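Structural overview
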Number of protein chains: 4
Amino acid sequence: MQHKLKIGMIGAGRIGKIHAENLMRLPQVIVKSVSDVEVDAIREWAAGLGIGIVTKDYREILSDPEIEAVFICSSTHAHTQLIAEAAAAKKHIFCEKPISFDLEESKKAVKAAEDAGVKLQIGFNRRFDHNFKKVREVVREGIIGDPHIIKITSRDPEPPLREYLRHSGGIFIDMAIHDFDMARYLCGSEVEEVYVAGASLIDPVFGEFGDIDTAVTTLKFANGAIGVIDNSRKAAYGYDQRVEVFGSKGSVVVQNDYPNTAEILTSTGVYRDKPLYFFLERYKDAYVEETVRFVESILSGSDVPVNGYDGLQAERIAHAARKSMLEKRPVSLSEIP
Amino acid sequence: MQHKLKIGMIGAGRIGKIHAENLMRLPQVIVKSVSDVEVDAIREWAAGLGIGIVTKDYREILSDPEIEAVFICSSTHAHTQLIAEAAAAKKHIFCEKPISFDLEESKKAVKAAEDAGVKLQIGFNRRFDHNFKKVREVVREGIIGDPHIIKITSRDPEPPLREYLRHSGGIFIDMAIHDFDMARYLCGSEVEEVYVAGASLIDPVFGEFGDIDTAVTTLKFANGAIGVIDNSRKAAYGYDQRVEVFGSKGSVVVQNDYPNTAEILTSTGVYRDKPLYFFLERYKDAYVEETVRFVESILSGSDVPVNGYDGLQAERIAHAARKSMLEKRPVSLSEIP
Amino acid sequence: MQHKLKIGMIGAGRIGKIHAENLMRLPQVIVKSVSDVEVDAIREWAAGLGIGIVTKDYREILSDPEIEAVFICSSTHAHTQLIAEAAAAKKHIFCEKPISFDLEESKKAVKAAEDAGVKLQIGFNRRFDHNFKKVREVVREGIIGDPHIIKITSRDPEPPLREYLRHSGGIFIDMAIHDFDMARYLCGSEVEEVYVAGASLIDPVFGEFGDIDTAVTTLKFANGAIGVIDNSRKAAYGYDQRVEVFGSKGSVVVQNDYPNTAEILTSTGVYRDKPLYFFLERYKDAYVEETVRFVESILSGSDVPVNGYDGLQAERIAHAARKSMLEKRPVSLSEIP
Amino acid sequence: MQHKLKIGMIGAGRIGKIHAENLMRLPQVIVKSVSDVEVDAIREWAAGLGIGIVTKDYREILSDPEIEAVFICSSTHAHTQLIAEAAAAKKHIFCEKPISFDLEESKKAVKAAEDAGVKLQIGFNRRFDHNFKKVREVVREGIIGDPHIIKITSRDPEPPLREYLRHSGGIFIDMAIHDFDMARYLCGSEVEEVYVAGASLIDPVFGEFGDIDTAVTTLKFANGAIGVIDNSRKAAYGYDQRVEVFGSKGSVVVQNDYPNTAEILTSTGVYRDKPLYFFLERYKDAYVEETVRFVESILSGSDVPVNGYDGLQAERIAHAARKSMLEKRPVSLSEIP
């Protein structure tokens, strides 16, 4: 009889639920328990999924000797404390991004996991997207030669609610952090300098919180390549997630995914449906694959595909970007300790 | 506690396994038992999936009062006998295409299900494909006006093995039957006449069995539209499944699905990966949806989305196509009783 | 000083004017004279272009010893007479399609040119289209192996006027003749059998003249390939001219041309402009190239790229198609003498 | 008899020849004379085209009272002197970009034309490209709302020769100046700040001349929009000229032009030809249209579509970009007097 990995979920909001549902479909996994501060809101969902233990207190999960791994999907503020406790309890950890809003705290959390000898995977789900994986593969195989220019388009269909924005940490740590990780991943080199041209063009609420809603961020990489990311909090046509890597021997470009390939031609023009609406639709399979890869790395003892260091580096870039936005100048990563 | 539909699988070859795995993921379903003539070959698979009962004798399934529905995924030769017995046992039936190679037998099977008052769904999975559903929706809504020309491209990446071909029933009942159903589905009208221009261009084995490997089939519909299907048993670049409906107000066209959207531009040209390889890749989600829809129709008491009549009509067209191929003339559907 | 080829235009309707304007731009050509039955209607146009001689009587052109070649762009009824006279006058001939509505007359005209030793090029302009030339090149180089299926989509944006239709000769000799030539050109083999499924779906005027407006024509080629052409006299979205050749090693597919590549994404979908409107827009460059190639073949003494035999073969297929439509059966080309 | 505009060409290198050939095809224009420092090298070309006067001395053109307009296509160093003399001679002027390498000199030249009351059009040919015109039209009509992000990709297929580079003025004034004009044109607003991240990644020769070969330039516009241009002197797959404008209500994106639409599918993948090779191929029709528009503006007395002010603004941005590159900081346009 195959060994089944028993997993506990800490936090069952939108993203926690997705991870739980994906994990339940893996034959080598049992989602044994789930905790959430609003425990009553998740009871029916958990029962339907067949999760045996539903609790308000995540310590119940951490103290369960059968549990080998936890998914930390709570609000960001609780991440580092939970990582520290989970590491102390010798549980492997999957933690959503960002690790925290404070780089020093994030470092301590990563170190805690390292010292405890447990795996720590950060939820940069986009690395597992079919399009971006292909781009990385093409770059890695040298098909386009040395990377010269990395371009990332990353726009959300709708800004978050005002209440979320108040505590989001700002566009860089909340949203663009995915793109900073993607830039490192695609380029295969570290970012050394960041420059931001940003503006609040969509909604004055961003300015109210000292935040912006539109940003063009330039990155300089150690290997000489230049990156550029354009972010918007609101694309009228839906989620826009495209990437291009241009190199000495050519270029590789990926487009958005669409719900179908239908083109409708009429007397007034040619039409097609909008791209897939948002991350739940676009990254459905990527969410599955990141959990599969996490589970595999535990079962096989191999490295996780996105580790704590990756989480820290993306956070450093996000902090440099914010500094650049505030000080209106290029900021070296060396300024972010 | 929600009622769970208990289902038995009759036949667990490639397609039977897919249906079983998809059904297992539906919270409202339990796959209780599975039968196969080569029972030893499926034991491990069934255990891994948690199917409790594994038997060589499908009668064990049919006599189980808890079982409400069966999936008939045996070889085609056994379909009608199994339908008759399942209907007598008052089980709802999902049956793979074609119902049989003999139209009279197929009719009897459909009638048996009707008389017994059980649902009978035929496995025309392509109706549930995201692209073809969109085409049907556009046609139904009148966006392209009255259909004038229906074009279907349907090519396999590889011909079946010689042993399969010997008993396949020929290209029309084995392969193009999907396209005949698709043509009716998209056009929303019945086929009245069939003309085939066929040839054996890929492998002499087809000629050996009185079969062809390449066919262009013209259809005339009751609503005046004209259809054309081009089939090949071997497309070097993989599965080719495209459709176009042209009407009085415009046209709707769908292309193949690809594993990613990456375009690679180098000094020698622009490249992208081939389309998804074959039906398991291309119709993965369509297989899921056809089982969901079957289960829903049982649980809600609604009609199945593809019924026995649909199965018979597609078979009639297939028989007319074969007759046209042999007699080298257009054949009216009225010649096929 | 370079020798300049002096050319006379016989007929200056829409297509004659295009040829004259294209010829005027060739440095090695002088358009010396033009004749038209409605001579007053073309005087201003001819003067603006700098054509010195404008006449009602084409014999003035044929009797001019300086004229080396003529373009016959009159109404189809006059073609064969004009070819015979031009051949007798030892002028090289470019003649619009079809040569005539009567195969015997067409043959005589082709023979007259042959006997006189003058070049005769038929106006199958589509062979010079950038897309179709590429398809032919790919087929000729064997990149897709042996051709198995040739697919041609050919739809006009608007049906001709009633008065034109009355004398058009019907959809096959008037419109689909281009596609019959294209099928031979792309396949590199002769058509042996034709089957038509046709209907009058757009306008009852077609039925009134014993004509149809919608046709799906199946072709069998000597090399075993099967062709299929779908024609419509009215595509709501404009001119639709696509081609695909599928072979043992792959496929080559070309799409329509568009006025620009712009995609507009908004909250209601993704839009782009319609394809280029009609033949003047789509085949602008192809018209230029066919005249360049005609002039070159005269100046260099090489063969014309589309000769009288090509004209006759396309007409034979058109006659077979009409016979198939009337007799509702596949018609062998051997039935068309 | 229609008045014919007599034009003289000053400079008949590659671009001068193209303008002359395009002008010769306009019925309302006579190219009367051409001057070039290497006069012997152009005699045959001029004769073939029917240009009557070929001279080494451009003053012969300027002193010809019949000449109404001149095309200045000499080397950049001579532009301002030629503009001043042509203006003094009351000739309308079409001048290639950039006006000069020195902003003060450029201003004087523009003023000279203004004071003389002659038209001055600058050769920003890309504004007349079918794709970019469509983008501008979509933006102007408000279809995508207020512009938020303008993205321009502009990459050459091959770097210029070393000798050219030595006197090119650097990537910004030589190459990216087209993109700076395009950014203003598409956004409909003025640039206020420029930041450059640049590198020499292709060939050390660029560094030798204090130049770069790869640049990502961020622009801030008066209307709040942010622009980003990525330039490379060498794209292995050919000329890359794409644009996107993203706004509050949607986005408009244009792709490269290709020599044909053929897709070739084989067992190893899907292939198509590379984009059109370079500016002569890509902007063939745009070059025609810019000369047509210049001629029209003279004949009708209307404004030229790209005037001296447009030339100066693009130069200011180019100087700001160079300053940003050298000083590694965002540079305000107000720093460039």
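Residues numbered from 1 in each chain as written. Chains lettered and ligands numbered in written order. Predicted model: local features only at pLDDT ≥ 70, side-chain atom pairs only at ≥ 80, totals over all residues.

**Quick notes on the overall build of chain A**
The helix and strand inventory of chain A stands at twelve helices and 15 strands. By the compact-globule yardstick of 20 Å for 337 residues, chain A fits well, its C-alpha radius of gyration being 20 Å. Taken along its principal axes, the extent of the C-alpha atoms in chain A is 55 × 55 × 45 Å. Counting all 337 residues of chain A, 56% fall into the buried class. Long-range pairs, those at least 24 residues apart, make up 69% of the contacts in chain A between residues at least 6 apart in sequence. (Helix = DSSP H or I, 4+ residues; strand = E, 2+ residues; numbered from the N terminus. Rg over C-alpha atoms; globule rule 2.2 N^0.38 Å. Buried ≥ 20, exposed ≤ 12 C-beta atoms within 10 Å, placed from the backbone. Contact = placed C-beta atoms within 7 Å.)

**Here's the deal with the relation of the copies chain D and chain A**
For the pair chain D and chain A, the best superposition has an RMSD of 0.0 Å and corresponds to a rotation of 180 degrees with a translation of 0.0 Å parallel to the axis. Each copy turns onto its partner about a two-fold axis. Closest approach to the rotation axis within chain D is made by the C-alpha atom of Arg 329 of chain D, at a distance of 3.1 Å. Of the residues that chain D buries at the interface, 100% are likewise interface residues in chain A, meaning the two copies contact each other through the same surface. (Least-squares fit on C-alpha atoms with pLDDT ≥ 70 in both.)

**A closer look at helix H12 (residues 308-327) of chain D**
Residues and elements named next belong to chain D. For H12, built from 20 residues, the straight-helix expectation of 28 Å at 1.5 Å per residue is met to within 8% by its first-to-last C-alpha distance of 28 Å. Of all 20 residues making up H12, 14 are buried, and the element is well covered by its neighbours. Positive backbone phi, approximately 50 degrees, marks Lys 328, located one or two places after H12. (Expected span 1.5 Å × (residues − 1).)

**Some thoughts on unusual backbone geometry**
Going from Lys 97 of chain B to Pro 98 of chain B, the amide bond is cis rather than trans, its omega being -15 degrees. Of note, Pro 98 of chain B is situated in the loop between strand S5 (92-95) and helix H5 (103-116). With phi around 55 degrees, Lys 328 of chain A is a residue other than glycine that occupies positive phi space. Note on placement: Lys 328 of chain A falls in the loop between helix H12 (308-327) and strand S15 (331-332). Taking the C-beta count within 10 Å as the criterion, Lys 328 of chain A has 14 such neighbours and is therefore assigned partly exposed.

**Topic: the domain arrangement of chain A**
Residues and elements named next belong to chain A. According to the domain assignment, chain A consists of domain 1 (5-118) and domain 2 (127-282 + 314-335). Using only C-alpha atoms to locate each centre, domain 1 and domain 2 end up separated by 28 Å. Each side of the interface is counted separately: domain 1 has six residues, and domain 2 has six residues. (Domains from an automatic or database assignment.)

**Side note on the packing of helix H1 (residues 14-24) of chain A against helix H11 (residues 284-300) of chain A**
Residue and element names in this part refer to chain A. Look at H1 against H11: their axes get within 9 Å of each other, and the N-to-C directions meet at 65 degrees. Judged by the inter-axis angle, H1 sits roughly perpendicular to H11. Crossing of H1 over H11 shows right-handed handedness. For the pair H1 and H11, contact is made by Ile 18, His 19, Asn 22 and Leu 23 and by Tyr 287, Val 288 and Thr 291, respectively. Per-class residue counts for the contact of H1 with H11 are four nonpolar, three polar and no charged. (Axes fitted to C-alpha atoms, helices over the stretch in contact; angles between N-to-C directions. Parallel < 35°, antiparallel > 145°, perpendicular 65-115°, else oblique. Left-handed = near helix turned anticlockwise from the far one by under 90°. Nonpolar A, V, L, I, M, F, W, Y, C, P; charged D, E, K, R; others polar.)

**Points about the pairing of strand S14 (residues 269-272) of chain C**
The side-chain alternation of S14 of chain C yields one buried face, formed by Val 270 and Arg 272 of chain C, and one unburied face, formed by Gly 269 and Tyr 271 of chain C. Judged from the three bridges that link them, strand S14 (residues 269-272) of chain A and S14 of chain C form a sheet pairing that is antiparallel. Pairing of Tyr 271 of chain A across the sheet is with Tyr 271 of chain C, part of S14 of chain C. In textbook terms, the turn of a hairpin is the stretch between consecutive antiparallel strands, and for strand S13 (residues 263-266) of chain C and S14 of chain C this stretch comprises two residues. (Pairing = 2+ DSSP bridges.)

**Re the interface of chain A and chain B**
It is common to report an interface's size as the accessible area lost on association of the parts. Facing 26 residues of chain A, the contacting portion of chain B comprises 26 residues. Residue assignment for the side of chain A that touches chain B shows that the elements contributing at least two residues are helix H6 (130-140), strand S12 (250-254) and strand S13 (263-266) of chain A. When the residues that make up the side of chain A that touches chain B are grouped by side-chain class, the tally is eleven nonpolar, ten polar and five charged. Bridge analysis of S12 of chain A against strand S13 (residues 263-266) of chain B gives four bridges, and the strand direction is antiparallel. Residue pairing across strands places Val 252 of chain A opposite Ile 264 of chain B, the latter belonging to S13 of chain B.

**With respect to the relation of the copies chain A and chain B**
Superposing chain A onto chain B requires a rotation of 180 degrees together with a translation of 0.0 Å along the rotation axis, leaving an RMSD of 0.0 Å. Mapped onto chain B, 100% of the interface residues of chain A again fall at the interface, so both copies present the same surface.

**Looking at the interface of chain D and chain A**
Contact residues are listed per partner, giving 26 residues for chain D and 26 residues for chain A. Looking at the side of chain D that touches chain A, the elements with two or more residues in it are strand S7 (147-155), strand S8 (191-199), strand S9 (214-221), strand S10 (226-232) and strand S12 (250-254) of chain D. Here the side of chain D that touches chain A is built from residues that sort into 13 nonpolar, seven polar and six charged.

**Quick notes on the packing of helix H8 (residues 171-187) of chain D against H12 of chain D**
Residue and element names in this part refer to chain D. Between H8 and H12, whose axes approach to 8 Å, the crossing angle comes to 120 degrees. The angle between H8 and H12 places the two elements in the oblique class. Crossing angle aside, the handedness with which H8 passes H12 is right-handed. Contacts between H8 and H12 involve Phe 172, Ile 173, Ala 176, Ile 177, Phe 180, Asp 181 and Arg 184 from the first element and Asp 310, Gln 313, Ala 314, Glu 315, Ile 317, Ala 318, Ala 321 and Arg 322 from the second. Counted by class, the contact of H8 with H12 contains nine nonpolar, one polar and five charged residues.

**Remarks on the confidence of the model for chain A**
Looking at chain A as a whole, the pLDDT averages 96, with 99% of positions reaching at least 70. Model confidence for the complex is summarised by a pTM of 0.96, with the ipTM given as 0.96. (pLDDT = per-residue confidence, 0-100.)

**A closer look at the sheet that holds strand S1 (residues 5-10) of chain C**
All names here are of chain C. Within the open sheet, the six strands sit side by side as S3-S2-S1-S4-S5-S6. Their pairing is parallel. Of all strands in the sheet, those bounded by a partner on one side alone are strand S3 (53-55) and strand S6 (120-122). Adjacent strand axes in the sheet meet at a mean angle of 20 degrees, parallel and antiparallel pairs treated alike. Sheet topology note: the strand S2 (residues 29-35)/S3 ladder contains three bridges and is parallel.

**Side note on the sheet that holds strand S6 (residues 120-122) of chain A**
Strand pairing within a sheet occurs via backbone hydrogen bonds; the two strands may be parallel or antiparallel. Residues and elements named next belong to chain A. Overall, parallel pairing links the six strands, which are arranged S3-S2-S1-S4-S5-S6 in an open sheet. Edge positions in the sheet fall to strand S3 (53-55) and S6, since each has one partner strand and no second. Geometrically, the sheet is characterised by an average inter-axis angle of 20 degrees between neighbouring strands, direction not taken into account. Judged from the four bridges that link them, strand S1 (residues 5-10) and strand S4 (residues 69-72) form a sheet pairing that is parallel.

**Describing the environment of Ile 72 of chain D**
All names here are of chain D. Mapping Ile 72 onto the fold places it in strand S4 (residues 69-72). Take Ile 72: there are 28 C-beta atoms within 10 Å of it, and that puts it in the buried class. Beyond its immediate stretch of four places on either side in the chain, Ile 72 contacts Ile 10, Gly 11, His 79, Leu 82, Ile 83, Ile 93, Phe 94, Cys 95 and Glu 96.

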